[in-house]
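Listed here are the chains, written in short residue letters.
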Amino acid sequence: MRKELPQEVTGGGRASGVGARSSLLPLVTTCCARLGYGGALYRNNSVLGTDEGFVCALQKPASGCSNGFQAIDGKCEDINECIEDAELCGKHAKCINTNGSYHCECSAGFRNERGSTKFTVTEGQCTDINECADNNTTCGPHGTCRNVIGRYTCVCNAGYVSADARNDTAHCRDIDECKHKDICGEKGNCENLIGSYRCKCDAGYTNYGQERTKCLKLECDSFSADSDPGKSFEGLADMLSMMRNSCLALSNPSFSAGGKADGDALLEKLLTATDTILSPGHMETSEGVSGLLSAVEKSVLLIGPQLKGNGTKMETREAEAEITVQRGATRPTGPIHLTSEHADLNTDWTTAAGEGPYPGFALAALLSYKNLEGSVNRSFEDLKEKVKEKEKEAISFQVFSKVVSVVVSNPSTQKLHSPVNITFKHLKDIKQTPEVSYICAYWNERGVWSPDGCTQKLSNDTHTVCSCEHLSSFAVLMALYPMKTSFQLQLLTQIGLIISLVCLVLSILTFRFCRSIQGTRTTIHLHLCLCLFMADLVFLVGISRTSPEGGCKFVAAMLHFFFLGVMSWMLLEGVQLYRMVVLVFNATIRPLYLYLTGYGVPLGIVIISAIIRPGGYGTKDHCWLSLEHGLIWSFFGPVCFIIALNVFFFIVTVWKLAQKFATLNPDLSKLHKIKAFTVTAIAQMCILGLMWVFGAFLFSEGMTAVAYIFTVLNSLQGALVFIMHCVLSKQVRDEYVQFLSCVCTTEKKKYSDFSSTNPSSSQSQGSRSGQITGESQI
């Protein structure tokens, strides 16, 4: 309750105005000081300002009670200032009422910023005490002090625990970790240290140099060089021996045969040994490949925990490895992403660590072999069992990526809780088509490729993503299905070849029975047409008849012989033209030489090819030369040589013709005939040569357009020979007209017989005979 100043203090009344307040201030201050309250002036419980209504805190009321008291029923009772204003001392202080007054005391963890422990609101306020800054030994030598508002807590260092679990400010004491059963594993001996512990492993066990890790048993005998793969490959035996010595040195400190090497040095030695094994070339057996892959995977599991850093990447000439390791008391979590030049791995630490006993570390590794695909480009039996029965012989497989191995510390990798994703880069950029598909496969324990547990997640021209539910060595395989010939192409081939055969029959009959054109050149054309006729006929009837195998080989050999015969007779035509221009007086070639070159050379090539590569005649798709092992060059080699030689002969022929046309007295009639012969020969060579340019790619995958072009050109051959050498020849046309006249008109035939008896007729016939004789010499 507020008490008014007595009149003797106030001067008998209220002053007004600034001047009155100024004159009153010293008087009131003196009054308060005299009363023993520090002379503080208040108005409405606030420090005095310049407002009106001055009062003295705890002033003595007019009732006669002292300041801090109030009259109740004629008695002076103490005023409890702490009740009247609960926030009088602030948040972190408590208000204590006294008789006729009060004071403030700071709560625990706080102190008055002015130092006094008992004070009023005008004498200070409470602030937090930073126990951690004032005394850095608050929590003792093994704890860390953490200040909070009004208090502090002690956080014990690793290896220590609070001495009083109910008091978070208690000092820290050492934890005896050795009290925990099996903390060092079955064959580990625990030794407690101040703030820590260490495990000492029995012989045959190790914690990979990590003293606070369980001791694990090492199977050093799994690196025995006396195993079957080790005996078969000297380099592999050396690798296994090296890793066995390292394993023994790790599990038994007294063993010194191999010396103790750090993880990085061991990894380098392992990759160098892999280079030694793979550098000589392809491994010939599946057992050798399986032995190498298994040895490298087991070695990485031994080396990984010994690596110094959490991530290690190393590359040599034949292999590339990236290994990541996480160590700690608890299992690691989070994603894992490992990369190499040819593959990427995406998995997680839960998969890498597994769900079994945790040894204190987890590792994951991606190994990439740069040239191993050539050694494993076989053993596709499991894949063929998955396809339809009728496609088993037709379908083919090939490894279409680098071989990679995925290794994790999880001992149970046959059925992962979540699949791992591996992204492979293709060896070539080829798009998936109905004839080409990509398969994710792994190299199983039997040494064959198997697709079990692996699926294709995504694929494009350059990469394939595989998702696998187990771990091993993986690769992408390309499956080549038989190219299904369209009905249109089959129909075009049959119609074109039938037309070609009809034209070739007409050409053969013309060259054989037309007397006016008989000579060396006609003989060459006759046998060229015979070879081409037989080649087209065999092609039409037998190119796709792959069963029985012996019949298919015979068809392939016949095609080889007759197509080479066509090219040989075309070469003889070039030689004949050259002789006609250059050797004017000796243009003919003896028939024996013609037959030896036209038929003997092709026959010799076919016989030699059959002896060297008997399995190269006939494939599973077509009765033609195999594209593997280079046998196809027994055909394309001679073809290229003949075309190049003919080009030379034609260049010389054209050059000589140009010279002869430029002479003073050229034999124009003869030169024009040679010119026509040359033009037709060059056109013929272009058609045949161009056809086999496309024929080189005829039986490759995805060459539908090439197949159409080859079919058209192949069909044009017979028609071209007939048109150029028969239809465009005036002598042959005259023979045709005469023949047709004899067949169609009997009377005209009689008239022709009668007319042949008159002199003019005889004379013209004689002159024509002379012309024929001259031309037959050509």
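Residues numbered from 1 in each chain as written. Predicted model: local features only at pLDDT ≥ 70, side-chain atom pairs only at ≥ 80, totals over all residues. Heavy atoms only, no water.

**Q** Explanation requested: the pattern of salt bridges in the structure shown.
**A** Any two side chains of opposite charge can pair, so long as their charged atoms come close to each other. Counting across every chain of the model gives 12 salt bridges. Across the salt bridge formed by Asp 182 and Lys 214, the nearest N and O atoms sit 3.9 Å from each other. Taken together, the positions of Asp 182 in the loop between β13 (172-174) and β14 (188-193) and Lys 214 in the loop between β16 (205-206) and β17 (216-217) put the pair 32 residues apart, joining distant regions of the chain. Overall, the relative accessible area of 43% leaves Asp 182 in the partly exposed class. (Salt bridge = Lys/Arg side-chain N within 4 Å of Asp/Glu carboxyl O. Helix = DSSP H or I, 4+ residues; strand = E, 2+ residues; numbered from the N terminus. Buried < 20%, exposed > 50% of the residue type's maximum accessible area, 1.4 Å probe, protein only.)

**Q** Quick question: what am I supposed to make of the nonpolar core here?
**A** Taken as a class, soluble globular proteins show a tendency for nonpolar side chains to be buried jointly. Grouped together as the largest cluster of nonpolar side chains are 54 residues, with contacts concentrated most on Met 239 and Trp 449. Counting 53 residues, the second-largest nonpolar core is a separate cluster that includes Leu 504, Phe 562, Ala 719 and Phe 722. (Core = buried A, V, L, I, M, F, W, Y, C linked by side-chain atoms within 4.5 Å.)

**Q** For this particular structure, what's the right way to read unusual backbone geometry?
**A** The bulk of non-glycine residues show a negative phi, and the bulk of peptide bonds are trans. Cis geometry marks the peptide bond from Ser 547 to Pro 548, where omega comes out at 0°. Here Pro 548 lies in the loop between α12 (520-542) and α13 (549-582). Even without being a glycine, Asp 73 presents a positive backbone phi close to 55°. With respect to the secondary-structure elements, Asp 73 resides in the loop between β4 (69-72) and β5 (75-78). In this structure, Ser 379 is a non-glycine residue whose phi angle is positive, near 60°.

**Q** I'm lost on the sheet that holds strand β28 (residues 454-459) in this one. Help?
**A** Strand pairing in a sheet is mediated by backbone hydrogen bonds. Such pairs are either parallel or antiparallel. If you trace the five strands from one edge of the open sheet to the other, you get β20-β21-β25-β29-β28, paired in antiparallel fashion. Single-partner strands in this sheet number two, and they are β20 (335-339) and β28. Pairwise comparison of adjacent strand axes, ignoring direction, gives a mean angle of 20° for this sheet. The sheet contact formed by strand β21 (residues 343-348) and strand β25 (residues 420-425) spans four bridges and is antiparallel. Across the sheet, the residue bridging to Leu 345 is Ile 422, located in β25. (Pairing = 2+ DSSP bridges. Axes fitted to C-alpha atoms, helices over the stretch in contact; angles between N-to-C directions.)

**Q** So what exactly am I meant to see when it comes to helix α14 (residues 591-612) here?
**A** For α14, spanning 22 residues, the distance from its first C-alpha to its last is 31 Å, which sits close to the expected 32 Å at 1.5 Å a residue. Of all the bends in α14, the largest measures some 35° and sits at Gly 600, one to four residues before the proline Pro 602. Among the residues of α14, those classed as buried are Leu 594, Gly 598, Pro 602, Val 606 and Ser 609. (Expected span 1.5 Å × (residues − 1). Bend = angle between axes of the 7 residues up to and from the residue.)

**Q** Looking at this model, I keep getting lost on the pairing of strand β6 (residues 93-98). Mind explaining?
**A** Residues in a regular strand project their side chains so that they alternate between the two faces of the sheet. With six bridges joining them, β6 and strand β7 (residues 101-106) adopt antiparallel strand pairing. Of the residues in β7, the one forming a bridge with Ile 96 is His 103. Linking two consecutive strands that pair antiparallel, namely β6 and β7, is a turn of two residues; a positive phi of about 85° is found at Gly 100 within it.

**Q** How should I be thinking about the confidence of the model for the protein in this particular structure?
**A** In low-pLDDT segments, the atomic positions of the prediction should not be examined closely. Summarising the model, the protein shows a mean pLDDT of 77, and 75% of its residues fall at 70 or more. Low pLDDT, under 50, characterises residues 1-61; the stretch is placed with 83 contacts to residues that sit more than four places away or in other chains. For residues 747-778, every residue scores under 50 in pLDDT, and the model assigns this stretch 20 contacts once sequence neighbours within four places are set aside. (pLDDT = per-residue confidence, 0-100. Contact = heavy atoms within 4.5 Å.)

**Q** What exactly am I supposed to notice about the packing of aromatic side chains here?
**A** Each aromatic ring pair is summarised here by two numbers: the centre-to-centre distance and the angle between the ring planes. As enumerated under the stated definition, the model contains 12 aromatic pairs in all. Geometrically, the ring pair formed by Phe 561 and Phe 562 is edge-to-face, given 5.1 Å between the ring centres and 70° between the ring planes. Judged by relative accessible area, which is 13%, Phe 561 ranks as buried. Both rings, one in Trp 569 and one in Tyr 599, keep their centres 5.5 Å apart while their planes meet at 70°; by these two values the pair is edge-to-face. With a gap of 30 residues between them, Trp 569 in helix α13 and Tyr 599 in helix α14 connect regions that are remote in the sequence. Under the relative-accessibility criterion, Trp 569 is labelled buried at 0%. One aromatic cluster is present, formed by Phe 561, Phe 562, Trp 569, Tyr 595 and Tyr 599 through successive ring pairs. (Phe/Tyr/Trp six-rings, centres within 6.5 Å; stacked < 30°, edge-to-face > 60°.)

**Q** Explain α12 here, please?
**A** Along an α-helix, residues three or four apart share an orientation, since each turn contains 3.6 residues. Helix length check: α12, at 23 residues, gives a terminal C-alpha distance of 33 Å against a target of 33 Å (1.5 Å per residue), a fit within 8%. Burial analysis of α12 places 17 of its 23 residues in the buried class, which makes it a mostly covered element.

**Q** For this particular structure, what's the right way to read the side chain of Ser 251?
**A** Looking at where Ser 251 falls in the secondary structure, it is placed in helix α6 (residues 234-251). Residue class for Ser 251 comes out buried when judged on its relative accessible area of 4%. The residues touching Ser 251, leaving out its near neighbours within four places in the chain, are Asp 202, Ala 203, Gly 204, Tyr 205, Thr 206, Leu 218 and Cys 220.

**Q** Honestly, the packing of helix α7 (residues 263-278) against helix α8 (residues 286-303) in this entry has me stumped. Any pointers?
**A** Helix-helix packing is described using two parameters, namely the angle between the two axes and the distance between the axes. It is the contact of α7 with α8, at a shortest axis distance of 10 Å, that shows an interaxial angle of 170°. When the axis of α7 is compared with that of α8, the two are roughly antiparallel. In this structure, α7 contributes Gly 263, Leu 266, Leu 267, Leu 270, Thr 274, Ile 277 and Leu 278 to the contact, and α8 contributes Leu 292, Val 296, Ser 299, Val 300 and Ile 303. (Parallel < 35°, antiparallel > 145°, perpendicular 65-115°, else oblique.)

**Q** I'm lost on the state of the cysteines in this one. Help?
**A** Put plainly, two cysteines are in a disulfide when a covalent bond ties their sulfur atoms together. Enumeration according to the criterion identifies 14 disulfides in this entry. Disulfide partner of Cys 201: Cys 215, at an S-S distance of 1.9 Å. Taking the sign of the S-S torsion, about -85° here, the bridge from Cys 201 to Cys 215 comes out left-handed. In this pair, Cys 201 sits in strand β15 (residues 196-201) while Cys 215 sits in the loop between β16 and β17, placing the two residues 14 residues apart along the sequence. We note that Cys 503 lacks a disulfide partner, and the nearest cysteine sulfur, in Cys 726, lies 9.4 Å from it. (Disulfide = S-S within 2.5 Å.)

**Q** How do you make sense of a nonpolar patch on the surface when you look at a structure like this?
**A** Together, Leu 603, Ile 607, Ile 608, Ile 611 and Ile 612 line one region of the surface with nonpolar side chains, adding up to about 520 Å² of accessible area. With respect to the helices and strands, Ile 611 occurs in helix α14. Taking the relative accessible area as the measure of exposure, Ile 611 reaches 65% and is therefore exposed. (Patch = residues over 30% accessible without salt bridge, like charges linked within 9 Å, V, L, I, M, F, W, Y side chains within 5 Å. Areas by Shrake-Rupley, 256 points an atom, 1.4 Å probe, with all protein chains shown as cover.)

**Q** I would appreciate a short explanation of the packing of α12 against α14 in the present structure.
**A** α14 packs onto α12 with a crossing angle of 25° between their chain directions and a minimal axis gap of 12 Å. Taken together, the axes of α12 and α14 are roughly parallel relative to one another. Pair α12 / α14 crosses with right-handed handedness. Contacts from Thr 520, Thr 523, Ile 524, His 527, Leu 530 and Cys 531 in α12 reach Leu 594, Tyr 595 and Tyr 599 in α14. Here the contact of α12 with α14 is built from residues that sort into six nonpolar, three polar and no charged. (Left-handed = near helix turned anticlockwise from the far one by under 90°. Nonpolar A, V, L, I, M, F, W, Y, C, P; charged D, E, K, R; others polar.)

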